[in-house]
Amino acid sequence: MNQASALMNTITTPNEYKQAYQQSVEDPEKFWAGVASDFLWRKNWDQVLQWDFAKPEVKWFDGAKLNITENCLDRHLLERGDQTAIIWEPNDPQEDHITITYNELHQRVCQFSNALKDMGVVKGDRICIYMPMIPELAVAVLACARVGAIHSVVFAGFSSSSLADRINDASCKMVITADGSYRGEKIVELKKITDDALQSCASIEKVIVVKRTGKEVNMQENRDVWWHDAIDDMADTCEPEVMDAEDMLFILYTSGSTGKPKGMVHSSAGYMVYTNYTFRNAFQYQDGEVYWCTADVGWITGHSYILYGPLSAGAVTVMFEGVPSYPDMGRFWQVVEKHKVNIFYTAPTAIRALEKADLSFVEKYDLSSLRVLGTVGEPINEEAWHWYDKNIGKGGCPIVDTYWQTETGGFMISPIAGITETKPAFATLPMPGVQPALMDKDGNEIGGNAVEGRLTIKFPWPSMARTIYGDHERFKQTYFSAFEGKYFTGDGAKRDEDGYYRITGRVDDVIIVSGHNLGTAEIESAIDEHDKVCETAVVGFPHDVKGNAVYAFVICYQAPSDEDTLRKEILETVSDIIGPIAKPDKIQFVGGLPKTRSGKIMRRILRKIASSDTSNLGDTSTLLDPSVVDEIMAGAIN
Ligand code: WT7
């Protein structure tokens, strides 16, 4: 690597960020070719970028040949074969953790790749992975990539019908699962759920089952194989399948605002280059540091920033099987202390839950190893940001608020740790290569600063999804039709006087009250500022005079003794922070909110309750705890 490309690839100062950003806009092909020069290619590309958002079609590094696992594993062996690649921390703190070096990971991936080949898996086959957060999950994902099979990881919290839908949508040939999974005090019977799902999946030929819980499971003859039997006698080297740059790497499902889940398709080369670049730069990862992303590999965050990004960068990545509340609310901080975690990356919903717990759970542990904190998944409210900063970062760790999506593959808007000056609740500035544009409702780009609009991206970046599996027309309709020639994120954003972006939330969550646009996230953040309030969800409901009015569902740290007084105080707080216009018409104190397993509030349900339209709440099967809905309905204010 020459010096010029070293400079382009690694940002170390604010000025270098500016230079990299500028070059990425002025000459994107040169910029990304420079970044890509750092990887192991079997053949170089013919062309860096071809694109047409009208079709839409995007090709990065076309003509190049590679295998992403050679970049995540083989190329590290000489330099860091004995370095830890993965630290696996089990659900139960009494069970031993496991460290896996790059050498060992390479061997295990090769061995399992050979098992897959032995069972007839070939390039292009779709393989469903429905597994707990155990090392075999990482091995399975990478082995699919090594043999050129397309993995479709389904989060192990999904039901059998969700699993079946996803298997059928991609006609998967095989499922890789486990007998069961430990989550806190619970055991989830994954094999049983898989068996239920497979009753309606004709495409499945084989099921590989990891023994994790040791509980007895049904093994169907000629179909089901134990993982340990499948790898028995398999060689621990395996030539990787040579892939084209644009060959599919994986499918990952994400729910839309309407219709069935969308199988987002990511391809090999661009995804590899971009997740590596953004991982190293946004977190400012330094050789040897211990990095922990608390997400599950079942989500895009786990794909890009537990596995592919960190491993391609030769990092030490922690995989955690458990949950933040088991055995108690100190578990995250205990793991940080135990493994001397330097970079900690989690979600606002987790931060708020931990914020609700007693501070002694934090204070018990030595968090001095922490250098960088990250957040992802939803707008972080200012109070949670400050709590995270003060109590976890001790005021000394930059908070990297990474804004991105399943569809974008990697970070879109995010601070560069310690280099971009942060502002609470701001995702700050675009990553190099990302060209955001804010749009008004008539489809015009809004120029200048101190403005607000719908967030679009007007130029391709390497890790963008290429299509929806089996439905390119839906891909075009969903993302490339709202604003001509632009990718539409579905989010709203503000650009402040410094050009910093603050994501205001999904635009379908915008409430227009008396002709004023109010972002639900903004009102929620204001209500959360009240010191008795832990978390809030705000929705709109129809109002005779104002068009819409605001309904707030509020969780307090302690059930309020005098609700009316607290309501008045909350109204004052909102009035003070945003203005009287944003004051909720109704405030209901609740014990919990209807959240999906990924932590997203299902506002659709709250909107129905707020509108007294509860005859048909729609599908609530993806809720973490469906019982909260009844509780909220019982206390609804009509
Ligand atoms: C949606 C994408 C990206 C991995 C996890 C979620 C929201 C995500 C942020 C952030 C504000 C955020 C957006 C986006 N979102 N990160 N830092 N600040 N909002 O992936 O399930 O595809 O959800 O999550 O609304 O569109 P996803």
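Our structure is the block above this text.
The following paragraphs examine the structure supplied in this document. Just so you know, the residues in each chain are numbered from 1, in the order the chain's sequence is written. Restriction of local features to residues with pLDDT of at least 70 applies here, the model being predicted, together with a cutoff of 80 or more for giving and counting side-chain atom pairs; totals for whole chains, interfaces and linings are based on all residues. Hydrogen atoms and water are omitted, and side-chain values are computed over all heavy atoms in the structure.

Some details on the packing of aromatic side chains
(1) Moving on: Only rings of Phe, Tyr and Trp enter the pairing, Trp through its six-membered ring, and a pair is recorded when the two centres are within 6.5 Å. The plane angle decides the type: under 30 degrees is stacked, over 60 is edge-to-face, the rest tilted. As enumerated under the stated definition, the model contains 42 aromatic pairs in all.
(2) Moving on: Centroid distance phenylalanine 279 to tyrosine 291: 4.8 Å. Interplanar angle 85 degrees. Geometry classified as edge-to-face. One end of the pair, phenylalanine 279, is in helix 11 (residues 268-282); the other, tyrosine 291, is in strand 16 (residues 290-293), and 12 residues separate them in sequence. By the burial criterion, phenylalanine 279 is buried, and tyrosine 291 matches it.
(3) Moving on: Aromatic rings pair up to connect Phe31, Trp32, Trp41, Trp45, Trp60, Phe61, Tyr274 and Tyr277 into one cluster.
(4) Moving on: A cation over a ring is seen here: lysine 423 above phenylalanine 426, with NZ or CZ 5.5 Å from the ring centre.
(5) Moving on: Two thresholds decide whether a charge sits over a ring: the Lys NZ or Arg CZ must be within 6 Å of the ring centre and within 35 degrees of the ring normal. Sitting over the ring of tyrosine 500, lysine 423 keeps its end group 4.7 Å from the ring centre. Comment: elements are numbered from the N terminus, with helices defined as DSSP H or I runs of at least four residues and strands as E runs of at least two. The classification of residues rests on relative accessible area computed with a 1.4 Å probe and restricted to protein chains. Under 20% of the type maximum is buried, over 50% is exposed, and intermediate values are partly exposed.

Examining the pattern of salt bridges
(1) Moving on: A side-chain nitrogen of Lys or Arg and a carboxyl oxygen of Asp or Glu constitute a salt bridge if their distance falls within 4 Å. The final tally for this structure, using the stated rule, is 30 salt bridges.
(2) Moving on: Across the salt bridge formed by glutamate 535 and arginine 352, the nearest N and O atoms sit 3.2 Å from each other. You can see glutamate 535 sitting in strand 28 (residues 533-543) and its partner arginine 352 sitting in helix 14 (residues 348-356), a full 183 residues away along the chain.
(3) Moving on: The class of glutamate 535 is buried, set by a relative accessible area of 7%.

Section: the sheet that holds strand 15 (residues 262-267)
(1) Moving on: At least two bridges found by DSSP between two strands is the condition for calling them paired. The strand order across the open sheet formed by 8 strands is 12-11-8-6-7-14-15-23, and the pairing between neighbours is mixed. Strand pairing shows two members of the sheet lacking a second neighbour, strand 12 (224-226) and strand 23 (467-468), which therefore form its edges.
(2) Moving on: Of the strand pairs in this sheet, strand 6 (residues 126-129) and strand 7 (residues 150-153) are connected by 4 bridges, and their pairing is parallel. Counted as the bridge partner of arginine 126 is isoleucine 150 from strand 7.
(3) Moving on: Every residue pair with non-hydrogen atoms within 4.5 Å of one another is taken to be in contact. An axis is simply a line fitted to the C-alpha atoms; with a helix, the fit covers only the stretch in contact. Between two such axes, the angle follows the N-to-C directions and lies from 0 to 180 degrees. Those strands touched by helix 7 (residues 135-147) are strand 6, strand 7, strand 8 (174-178), strand 11 (206-210) and strand 14 (248-254), and its axis lies near 170 degrees from that of strand 6.

Some details on the environment of glutamine 111
(1) Moving on: Topologically, glutamine 111 is positioned in helix 6 (residues 102-118).
(2) Moving on: Each C-alpha atom of the pair glutamine 111 and alanine 143 lies 8.4 Å from the other, and the pair is 32 residues apart in sequence.
(3) Moving on: With sequence-adjacent residues up to four places away left out, glutamine 111 is seen in contact with Ile231, Met234, Ala235 and Asp236.

Examining helix 12 (residues 300-312)
(1) Moving on: Helix 12 sits mainly inside the fold: 13 of its 13 residues count as buried.
(2) Moving on: At the C-terminal side of helix 12, glycine 314 shows a positive phi close to 70 degrees.

Things to note about the site of the ligand
(1) Moving on: Of all residues adjacent to the ligand, which total 17 residues, the nearest are Asp401, Thr402, Gln405, Thr406 and Asp491.
(2) Moving on: Each polar contact in these results corresponds to two N or O atoms within 3.5 Å; when the atoms are within protein, one needs to be able to donate a hydrogen and the other to accept it, and residues that are neighboring in sequence are counted only if both atoms are side-chain atoms. The contact in question runs from a nitrogen atom of the ligand to an N or O atom on the backbone of glycine 377, over 3.0 Å.
(3) Moving on: Working definition of accessibility: Shrake-Rupley area with a 1.4 Å probe, residue cover restricted to the visible protein chains. Protein chains shield 89% of the accessible area of the ligand, which is 560 Å² for the free molecule.
(4) Moving on: Looking at the shell around the ligand, the elements with two or more residues in it are helix 12, strand 20 (399-402) and strand 25 (501-506).
(5) Moving on: Residues were grouped as follows: Ala, Val, Leu, Ile, Met, Phe, Trp, Tyr, Cys and Pro as nonpolar; Asp, Glu, Lys and Arg as charged; and all remaining residues, including Gly, as polar. Among the residues making up the shell around the ligand, the classes are represented as 6 nonpolar, 5 polar and 6 charged. A single heavy atom is enough: if one lies within 4 Å of a molecule or strand, its residue is considered near that molecule or strand.

A few points about the side chain of aspartate 224
(1) Moving on: With respect to the helices, strands and loops of the structure, aspartate 224 is situated in strand 12.
(2) Moving on: Exposure remark for aspartate 224: the relative accessible area of 10% places this residue in the buried category.
(3) Moving on: Here lysine 191 takes part through its side chain, which lies 2.7 Å from a polar atom of the side chain of aspartate 224.
(4) Moving on: Reaching out from aspartate 224, the side chain makes a polar contact with the side chain of arginine 223 at a distance of 2.6 Å.
(5) Moving on: Residues within four places of aspartate 224 in sequence aside, it is in contact with Lys191, Asp195, Val207, Asn218 and Met219.

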